[in-house]
Amino acid sequence: MSGLRILVPVKRVIDYAIKPRINKAQTGVETAGVKHSLNPFDELSIEEAVRLRERKGPIKVEDILALSAGGPKCPDVLRTAMAMGADRAFHIDVPDKGDGGPEPLTIAKMLQAVVKEQNVNLVLLGKQAIDGDQGQTGQMLAGLLGWPQATQASKVDIKDDAGTVEITHEVDGGVETLRAKLPMVITTDLRLNEPRYASLPNIMKAKKKPLEKKTLADLGVEDTRRLKTLKVTEPPPRKGGGKVEDVDGLVSKLKELGAL
Amino acid sequence: MSGARNITAALRRARVPRPSLAIRTVQSITPLTARTFSASSIRTSDSRQIKFTSDAYPNLKRNPNFADISADDVAHFKELLGSQSAVIDGVTTDATDDIEPFNSDWMRKYRGHTRLVLKPKDAQEVSKVLKYCNERKLAVVPQGGNTGLVGGSVPVFDEIVINTSRMNQIRSFDAASGVLVADAGVILETADQYLAEREHLFPLDLGAKGSCHIGGNVSTNAGGLRLLRYGSLHGSVLGLEAVLPDGTIVDALSTLRKNNTGYDLKQLFIGSEGTIGLVTAVSIQCPPRPKAVNVAYFGLESFEQVQQAYLAAKGQLSEILSAFELMDGRSQKLVIESTGNKHPLEGEYPFYCLVETSGSNAEHDMAKLESFLESVMGDGIVADGVLAQDETQFQALWRWREGITESLSHLGGTYKYDVSIPLSDLYLLVEDCKARLTEKGLVGDDDSFPVRAVVGYGHMGDSNLHLNVAVRQYSKEVEKAIEPWVYEWIQKRQGSISAEHGLGVAKREFIGYSQNETMVKLMKQLKNLYDPNGIMNPYKYI
């Protein structure tokens with residue numbers, strides 16, 4: 001095989017350390033004024049792509065293309081991806097309607113088009129985005145492309161220059177190792193690696209890396225929706241405990257509750 | 001106060017493992033709770049080995065004018081405070097285990113002999129308690145979260161501990177003016193969370209925020225991580241309520257920013273470590289909570305460049321700069337050793353800085369920060385650095401600064417010096433101290449040397465350095481090598497021997513290095529005026 005051309009789709013989501021709140025209309029999560037970051041699983045796939053290059057394995061990494069679909073703030077996460085080591089980026093402009101964005105099948109079709117157009121031979125995706133938690137895109141993409149897939153990878157190993165890849169992932173009570181031939185789709189799990197920090201020199205270099213803007217129409221994909229969100233609600237709040245003054249208070253409280 | 005603004009350590013431990021990630025949408029971690037550190041977590045270890053302060057400081061003699069606590073006194077207090085949980089009685093019963101946490105500090109350095117702990121619930125009860133103690137000449141020690149670093153909040157002999165933990169109500173908050181009025185025993189983090197829900201911020205943040213009480217913060221004039229931005233408590237505290245030893249309740253709970261009517265007596269209680277009266281409530285000016293916060297972490301080649309970076313930060317980030325913290329290479333190595341975390345930078349540098357910005361508009365702040373970063377990188381001031389890309393990285397980077405205190409405590413004992421010296425000489429103290437201890441053959445890598453490392457870190461923005469001598473065990477030899485040398489060193493440069501930790505037991509006898517005779521005399525006059533029997537927190541301060 002000549003070289004690895006890796007596609008890493010990434011998503012801009014509400015920061016994982018921020019508590020999401022339901023909007024007033026109960027149609028989704030409040031996103032305005034909330035800190036957004038790169039989806040943590042996608043951070044892992046970027047890191048893995050960069051490590052494949054740094055590892056200098058049997059197949060040279062020719063290109064790492066980061067891609068994100070969404071509104072005008074998407075380039076933020078693409079710059080982060082490029083600061084971590086991606087070579088270039090595509091921003092697929094999808095207007096943010098506050099409805100959770102395109103469905104996984106639409107995204108998979110869009111990625112399929114990009115894979116064909118850019119002659120990609122490895123797609124590294126996060127196993128899920130932490131906003132929708134759907135975890136379907138990678139699998140659908142593999143189906144559409146007719147490629148082998150390995151999900152929830154905790155280790156990725158390129159064995160030879162013929163494109164043999166061994167992937168380890170965790171299963172109940174142990175690990176499972178799979179072998180496949182490129183081209184293929186791999187989704188990443190937490191234990192795969194520890195993503196690096198974006199260093200200042202790389203943040204600056206990332207500003208000069210090419211970022212191309214495209215639309216779904218350019219890729220011949222239509223944003224059709226099969227699902228309609230009827231209502232989003234919070235889980236019932238946990239009832240707080242009460243404080244008692246002393247042992248007598250505790251005993252009488254327990255009696256009151258019928259525990260004694 | 002410095003240090004470990006910990007967290008439930010497991011959650012924030014850099015980045016791996018992140019077990020909660022997958023279930024994040026179900027069980028979210030709010031950044032607020034995720035950023036606390038409870039000093040009490042360290043307190044769980046066996047307290048039997050802590051040396052009594054009275055043994056460690058043989059010069060301290062119990063004041064014979066003080067009365068001994070009798071069973072009658074205890075009965076009186078029990079009647080006075082009513083509730084069972086308000087009195088921990090080690091006089092007429094055996095309550096050693098219950099009393100021990102009040103007798104010793106979290107650093108395991110100070111330990112008293114008290115047999116009685118009182119927890120009044122309001123200023124009226126404090127007043128009755130103090131009035132009785134004053135008449136009976138029973139010495140007392142006011143105590144909040146007991147997170148102090150100089151032994152000010154634990155008894156030396158049998159002083160009665162008056163703990164503020166039951167005075168824990170937030171009294172009022174006015175969103176328009178940002179003034180919060182709260183009881184002294186409210187935990188700093190609780191106050192900050194209350195304010196967070198109202199889009200405001202407590203103008204003080206420090207390592208022990210999960211345990212310390214705001215009354216204690218005020219009494220010790222705590223400084224902390226964001227003094228650079230929000231200023232000293234002498235400025236942000238608008239008023240307070242305190243009780244004098246004779247039982248007088250001083251109601252100075254003003255919520256006014258301007259009030260030029262007479263002596264500003266509330267200032268007497270700020271930083272006086274409970275030697276004049278006991279603070280029971282505080283009114284404080286709280287700024288709006290910043291909407292956008294960013295953190296960068298730098299590696300630098302020399303202290304000279306650290307100073308240049310600080311100047312550049314002040315110039316280019318001015319109004320959004322909220323912290324500029326210094327950590328030396330050795331302090332970061334100790335954190336690596338203790339936590340096993342991977343350092344954010346590839347190479348090793350002798351100095352590291354953490355720069356935080358807080359502002360109202362994320363895009364504007366980022367633009368300013370990026371141009372600042374470009375200029376310090378471009379000018380070769382900063383050798384390498386990273387910028388937090390998300391909240392997890394933000395917290396992880398802070399952990400490299402805040403985790404130092406905790407890491408040191410895991411590795412053995414620490415002699416802590418919290419000093420303020422002119423910026424240009426700030427780090428020289430660490431170098432000189434290290435040279436001195438090395439020359440004396442005390443520093444080394446294996447267990448035969450008492451000193452593990454001499455490290456420096458601190459609040460660069462406030463010219464406040466924490467010189468820490470990490471030791472394998474406390475020893476007189478090391479102590480003699482450092483003191484009073486370090487105080488003389490500071491005196492020569494007109495520095496302060498205690499920038500934010502206070503005097504307590506630890507620094508009491510050294511006050512002369514930073515205050516002249518006239519000042520000390522005036523202080524003693526004040527003390528005698530308000531506390532003629534000397535019952536308030538004796539054997540400490542001055």
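Residues numbered from 1 in each chain as written. Chains lettered and ligands numbered in written order. Predicted model: local features only at pLDDT ≥ 70, side-chain atom pairs only at ≥ 80, totals over all residues.

## Section: the overall build of chain A
Moving on, step 1. Each helix and strand counted, chain A has six helices and eleven strands in total.
Moving on, step 2. Sequence separation of 24 or more characterises 70% of the internal contacts of chain A that already satisfy a separation of 6 or more. (Helix = DSSP H or I, 4+ residues; strand = E, 2+ residues; numbered from the N terminus. Contact = placed C-beta atoms within 7 Å.)

## Looking at the overall build of chain B
Moving on, step 1. The helix and strand tally for chain B stands at 18 helices and 16 strands.
Moving on, step 2. A compact globule built from 542 residues would reach a C-alpha radius of gyration of about 24 Å, and chain B, at 23 Å, matches this within 12%.
Moving on, step 3. With the C-alpha coordinates aligned to their principal axes, the bounding extent of chain B is approximately 70 × 60 × 50 Å.
Moving on, step 4. For chain B, the proportion of its 542 residues judged to be buried stands at 53%.
Moving on, step 5. Long-range pairs, those at least 24 residues apart, make up 76% of the contacts in chain B with a sequence separation of at least 6. (Rg over C-alpha atoms; globule rule 2.2 N^0.38 Å. Buried ≥ 20, exposed ≤ 12 C-beta atoms within 10 Å, placed from the backbone.)

## Remarks on unusual backbone geometry
Moving on, step 1. At the junction of Leu182 of chain A and Pro183 of chain A, the peptide bond is cis and its omega measures out at 0° in the coordinates.
Moving on, step 2. Mapping Pro183 of chain A onto the fold places it in the loop between strand E9 (174–181) and strand E10 (184–188).
Moving on, step 3. With an omega of 0°, the peptide bond between Glu483 of chain B and Pro484 of chain B qualifies as cis.
Moving on, step 4. The residue Pro484 of chain B is located in the loop between helix H16 (476–482) and helix H17 (485–492) in this model.
Moving on, step 5. For Asn119 of chain A, which is not a glycine, the phi torsion comes out positive at approximately 55°.
Moving on, step 6. Its place among the elements puts Asn119 of chain A in the loop between helix H3 (104–118) and strand E6 (122–126).

## Overview of the environment of Ala296 of chain B
Moving on, step 1. Looking at where Ala296 of chain B falls in the secondary structure, it is placed in strand E10 (residues 292–300).
Moving on, step 2. Separated by 174 residues in the primary sequence, Ala296 of chain B and Asp122 of chain B place their C-alpha atoms 44 Å from one another.

## Comments concerning the environment of Ile284 of chain B
Moving on, step 1. Examined against the element boundaries, Ile284 of chain B turns out to sit in strand E9 (residues 278–285).
Moving on, step 2. C-alpha of Ile284 of chain B to C-alpha of Phe394 of chain B: the two residues are 110 residues apart in sequence and 28 Å apart in space.

## Considerations on the nonpolar core
Moving on, step 1. Formed by 211 residues in total, the largest nonpolar core has its most connected members in Val8, Ala66 and Ala81 of chain A together with Cys353 of chain B.
Moving on, step 2. Not counting residues up to four positions away in its chain, the partners in contact with Ala81 of chain A are Val8, Val10, Leu38, Ile46, Ala66, Ala86 and Ala89 of chain A.
Moving on, step 3. In this structure, Ile14, Tyr16, Ala129 and Ile130 of chain A belong to the second largest nonpolar core, which totals six residues. (Core = buried A, V, L, I, M, F, W, Y, C linked by C-beta atoms within 7 Å.)

## Some points on the domain arrangement of chain B
As a measure of interface size, the accessible area lost when the parts come together is often cited.
All names here are of chain B.
Moving on, step 1. Here the domain parsing of chain B yields domain 1 (61–163), domain 2 (170–285), domain 3 (292–402) and domain 4 (411–513).
Moving on, step 2. The C-alpha centroid of domain 3 is placed 30 Å from the C-alpha centroid of domain 2.
Moving on, step 3. If you look at the interface, domain 2 gives five residues, while domain 3 gives six residues.
Moving on, step 4. Along the lines of polarity and charge, the residues of the side of domain 2 that touches domain 3 split into two nonpolar, one polar and two charged. (Domains from an automatic or database assignment. Nonpolar A, V, L, I, M, F, W, Y, C, P; charged D, E, K, R; others polar.)

## Focus: the pairing of strand E7 (residues 237–243) of chain B
Residues and elements named next belong to chain B.
Moving on, step 1. In terms of burial, E7 is largely enclosed, as six of its seven residues are buried.
Moving on, step 2. Relative to E9, E7 runs antiparallel, the two sharing six bridges. When the bridges of E9 are listed, Gly239 appears paired with Ser283.
Moving on, step 3. With four bridges joining them, E7 and strand E8 (residues 249–252) adopt antiparallel strand pairing. (Pairing = 2+ DSSP bridges.)

## With respect to the sheet that holds strand E13 (residues 384–387) of chain B
Residue and element names in this part refer to chain B.
Moving on, step 1. Strands sit in the order E13-E10-E12-E11-E15-E16-E14 across an open sheet of seven strands; the sheet is antiparallel. Unpaired on one side and paired on the other, E13 and strand E14 (413–420) mark the two borders of the sheet. Strand-to-strand, the axes of this sheet are offset by a mean angle of 15°, without reference to chain direction.
Moving on, step 2. Looking at chain direction, strand E11 (residues 321–328) and strand E12 (residues 351–359) are connected through seven bridges and run antiparallel. Residue pairing in the sheet places Leu321 in a bridge with Thr357 of E12.
Moving on, step 3. Here helix H12 (residues 329–339) sits on the sheet in contact with E11, E12, strand E15 (451–459) and strand E16 (464–471), set at roughly 110° to E15.
Moving on, step 4. Set on the sheet, helix H14 (residues 391–411) makes contact with E10, E11, E12, E14, E15 and E16; between it and E10 the angle comes to about 60°. (Axes fitted to C-alpha atoms, helices over the stretch in contact; angles between N-to-C directions.)

## Quick word on the UniProt feature "domain: Electron transfer flavoprotein alpha/beta-subunit N-terminal" (unreviewed entry) in chain A
Moving on, step 1. Per the UniProt record, "domain: Electron transfer flavoprotein alpha/beta-subunit N-terminal" (unreviewed entry) is found at residues 26–223 of chain A.
Moving on, step 2. As annotated, residues 26–223 of chain A has a helix share of 30% and a strand share of 30%, and its two end C-alpha atoms lie 23 Å apart. (UniProt positions renumbered as here; feature names shortened; annotations may be inferred.)

## Section: the packing of helix H11 (residues 303–317) of chain B against helix H13 (residues 362–378) of chain B
Residue and element names in this part refer to chain B.
Moving on, step 1. Relative to each other, H11 and H13 sit at 150°, their axes nearing to 10 Å. With respect to each other, H11 and H13 are oriented roughly antiparallel. The crossing of H11 and H13 is right-handed. Contacts between H11 and H13 involve Ala309, Ala312, Ala313, Gln316 and Leu317 from the former and Lys368, Leu369, Ser371, Phe372, Ser375 and Val376 from the latter.
Moving on, step 2. Broken down by class, the residue content of the contact of H11 with H13 amounts to seven nonpolar, three polar and one charged. (Parallel < 35°, antiparallel > 145°, perpendicular 65-115°, else oblique. Left-handed = near helix turned anticlockwise from the far one by under 90°.)

## A look at helix H6 (residues 188–197) of chain B
All names here are of chain B.
Moving on, step 1. Leu188, Glu189, Ala191, Asp192 and Leu195 are the residues of H6 that are buried. The buried residues of H6 all sit within an arc of 155° when viewed along its axis, so they share a single face.
Moving on, step 2. Lining the buried residues of H6 we find strand E5 (170–174), strand E6 (179–183) and helix H7 (214–219).
Moving on, step 3. Glu199 lies just past H6 and shows a positive phi near 60°. (Arc of directions from axis to C-beta.)

## Things to note about the interface of chain A and chain B
Moving on, step 1. Contact with chain A, which involves 26 residues of that partner, is made by 29 residues of chain B.
Moving on, step 2. Contributing elements (two or more residues each) for the side of chain A that touches chain B: strand E3 (36–38) and helix H5 (200–208) of chain A.
Moving on, step 3. Broken down by element, the residue count for the side of chain A that touches chain B peaks at four residues, all from H5 of chain A.

## Describing the sheet that holds strand E3 (residues 140–143) of chain B
Residue and element names in this part refer to chain B.
Moving on, step 1. With respect to topology, four strands assemble into an open sheet ordered E1-E2-E4-E3, the strand pairing being mixed. Whereas interior strands pair on both sides, the edge strands pair on one side only; in this sheet they are strand E1 (87–89) and E3. Put simply, the sheet's adjacent strands are angled 20° from each other on average, direction ignored.
Moving on, step 2. Judged from the two bridges that link them, strand E2 (residues 116–118) and strand E4 (residues 160–163) form a sheet pairing that is parallel. Paired with Val117 across the strands is Val161, a residue of E4.
Moving on, step 3. The strands touched by helix H3 (residues 71–81) are E1 and E2; relative to E1, the strand with the most contacts, the crossing angle is about 160°.

## Things to note about the packing of helix H2 (residues 74–84) of chain A against H5 of chain A
All names here are of chain A.
Moving on, step 1. Look at H2 against H5: their axes get within 8 Å of each other, and the N-to-C directions meet at 120°. Relative to H5, the element H2 lies oblique. Here H2 runs over H5; the crossing is right-handed. Contact residues: H2 offers Arg79, Met82 and Ala83, while H5 offers Asn202, Ile203, Ala206 and Lys207.
Moving on, step 2. Of the residues in the contact of H2 with H5, the class split is four nonpolar, one polar and two charged.

## Points about helix H6 (residues 247–256) of chain A
Moving on, step 1. Counting buried positions along H6 of chain A gives zero out of ten residues, so the element sits mostly on the surface.
Moving on, step 2. Looking one or two places after H6 of chain A, you find Gly258 of chain A, whose phi comes out positive at around 80°.

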